[in-house]
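Fold and contact review
Each chain, written out:
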Amino acid sequence: MSESADVLYEVRDRTAIITLNIPKRLNALNGEQYLQLGKFVERANEEEDTVATIIQSTGRFFSAGANFADKKLQEIDAETLFSHEYWLERFVARNVWLTNVFNNHKKILVAAVNGPCIGLSTGLLLLCDLVYVNDINKFYLLAPFANLGLVAEGASSATLFMRLGWSKASEALLLAKPISGQDCYNVGLINKHYEGKFKTTEEFNQQVFKDIYDAFENLHEDSIFQNKQLLKQQRDVYINNANSNEVQRGLGKWLEGVPQTRFAQLAMKEVKHKL
Ligand code: CO8
């Protein structure tokens, strides 16, 4: 297993497995950790012998989104913190690239979802082909951009309505409401759930790995990959359009300065999301 301790990578039985490993922060990711995640997904794309790529996690959350307590953000001087240069590099370039890396992945992209998912990570989750959840009663999606002075990220302005329908997408994005695991299951986002029968995230991850392997083991690889390309072509126009429009609007929000204040308030525990 090769690793930066925070995000891990391994290949097992024709499957690349990427693990978010920051349970104490509920797998909230800072800029470098999102970059590492993207690099690992790129690496998985180039693996010669794999059919699937699983994104899995540790602890009680799948991912709490961007790390609002990122020290680097707090140490930056005010002029930089409101500059085009900073946000073009740290936000626009990163989000466009990461969203494309997920959208363009050639293998079956699977999310093994041990718990709730928030923010940019929700956008990435919605770009996965298959979603397996341990316990739908403990799972929710939260796209809290309207509460943070931001706009949709990770092409979620397209994927939310494609995967949840317009009404739930509106609740998620316009009202920053969490979408429950039961709702996500009812609308078909979740392929399978396990009624919370696994007491540890590791046991759950192991079962998803086994289920995926059993499902693709005897199929013809090239047909899988070509079918993925065919399916993907149907959504590409939406995803690519959303990706570029989202970052353009998002950049405007960072230059306006509201998210910087909201992130600081979250870090000081002055505000909380409504769950
Ligand atoms: N960043 C950093 N630390 C976090 C985060 C986060 N996003 N979320 C949770 N944590 C930490 C908490 O600070 C806490 O640490 P400590 O134990 O040291 O106090 C620990 O994880 C456990 O969290 P809670 O005690 O708060 O656990 P609860 O179960 O009570 O609440 C919640 C869980 C509801 C998830 C709550 O922690 C929360 O609201 N977190 C914030 C989620 C959020 O807003 N994420 C950002 C979304 S926006 C986004 O992803 C795109 C932004 C693009 C930014 C680009 C920047 C460069």
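For the structure itself, look to the data block above.
Since the structure is predicted, the reported quantities are computational estimates derived from the model, not experimental observations.

Definitions and limits used
- Residues numbered from 1 in each chain as written.
- Predicted model: local features only at pLDDT ≥ 70, side-chain atom pairs only at ≥ 80, totals over all residues.
- Heavy atoms only, no water.
- Helix = DSSP H or I, 4+ residues; strand = E, 2+ residues; numbered from the N terminus.
- Rg over C-alpha atoms; globule rule 2.2 N^0.38 Å.
- Buried < 20%, exposed > 50% of the residue type's maximum accessible area, 1.4 Å probe, protein only.
- Contact = heavy atoms within 4.5 Å.
- Areas by Shrake-Rupley, 256 points an atom, 1.4 Å probe, with all protein chains shown as cover.
- Lys, Arg positive; Asp, Glu negative; His and termini not counted.
- Charge placed at Lys NZ, Arg CZ, Asp CG, Glu CD.
- Core = buried A, V, L, I, M, F, W, Y, C linked by side-chain atoms within 4.5 Å.
- Pairing = 2+ DSSP bridges.
- Near = heavy atom within 4 Å.
- Polar contact = N/O pair within 3.5 Å; in protein donor to acceptor, adjacent residues only side chain to side chain.
- Nonpolar A, V, L, I, M, F, W, Y, C, P; charged D, E, K, R; others polar.

1. Considerations on the overall build of the protein chain
For the protein chain, the count of helices and strands is eleven helices and ten strands. For the protein chain, the C-alpha radius of gyration of 18 Å lies close to 19 Å, the compact-globule estimate for 275 residues. If one aligns the C-alpha atoms of the protein chain with their principal axes, the spans along those axes are about 55 × 40 × 35 Å. The 275 residues of the protein chain split such that 52% are buried. Taking the contacts inside the protein chain whose residues are at least 6 apart along the sequence as the reference set, 75% of them involve residues at least 24 apart. Surface summary for the protein chain: the accessible area is close to 13300 Å², and the carbon and sulfur share equals 51%. Between the averaged position of the 30 positive side-chain charges in the protein chain and that of its 33 negative side-chain charges there is a distance of 6 Å.

2. A closer look at the environment of leucine 141
Its location among the elements puts leucine 141 in strand 8 (residues 140-142). Separated by 24 residues in sequence, leucine 141 and cysteine 117 place their C-alpha atoms 5.1 Å apart. The contact partners of leucine 141, leaving out residues within four places of it in the chain, are Cys117, Thr122, Leu125, Leu126, Leu164, Lys177, Pro178, Ile179, Cys184 and Leu189.

3. What to know about the nonpolar core
Of all hydrophobic cores here, the largest spans 62 residues; its most connected members are Leu37, Phe102, Leu125, Phe139 and Leu141. Here this core gets seven residues from one element, more than from any other, and that element is helix 4 (residues 84-103). Not counting chain neighbours up to four residues away, the residues in contact with phenylalanine 139 comprise Val113, Gly115, Pro116, Cys117, Leu125, Val133, Ser180, Gly181, Cys184 and Ile190. By size, the runner-up hydrophobic cluster in this structure holds 17 residues, among which are Ala112, Phe204, Phe209 and Ile212.

4. Thoughts on the pairing of strand 2 (residues 7-12)
The pairing of strand 2 with strand 3 (residues 15-20) spans six bridges and is classified as antiparallel. Paired with glutamate 10 across the strands is isoleucine 17, a residue of strand 3.

5. Considerations on the sheet that holds strand 8
Pairing between sheet strands relies on hydrogen bonds along the backbone, with the strands arranged either parallel or antiparallel. Spatially, the three strands line up as an open sheet ordered 6-8-9, and their pairing is mixed. Of all strands in the sheet, those bounded by a partner on one side alone are strand 6 (117-118) and strand 9 (179-180). As defined by bridge partners, strand 8 adjoins strand 9 across two bridges and the pair is classed as antiparallel. Considered in strand 9, the bridge of leucine 141 is made with isoleucine 179.

6. Considering the site of the ligand
Taken together, 27 residues lie around the ligand, and Ala64, Ala66, Phe68, Leu120 and His273 are the ones closest in. Take lysine 269: an N or O atom from its side chain is 3.0 Å from an oxygen atom of the ligand. Note that an oxygen atom of the ligand is positioned 3.1 Å from one of the side-chain N or O atoms of lysine 272. Contact with the protein chains removes 80% of the 1100 Å² of surface that the ligand exposes when unbound. Grouping the constituent residues of the shell around the ligand by class yields 16 nonpolar, four polar and seven charged.

Honestly, that's just the spatial picture; any functional story needs more than this.
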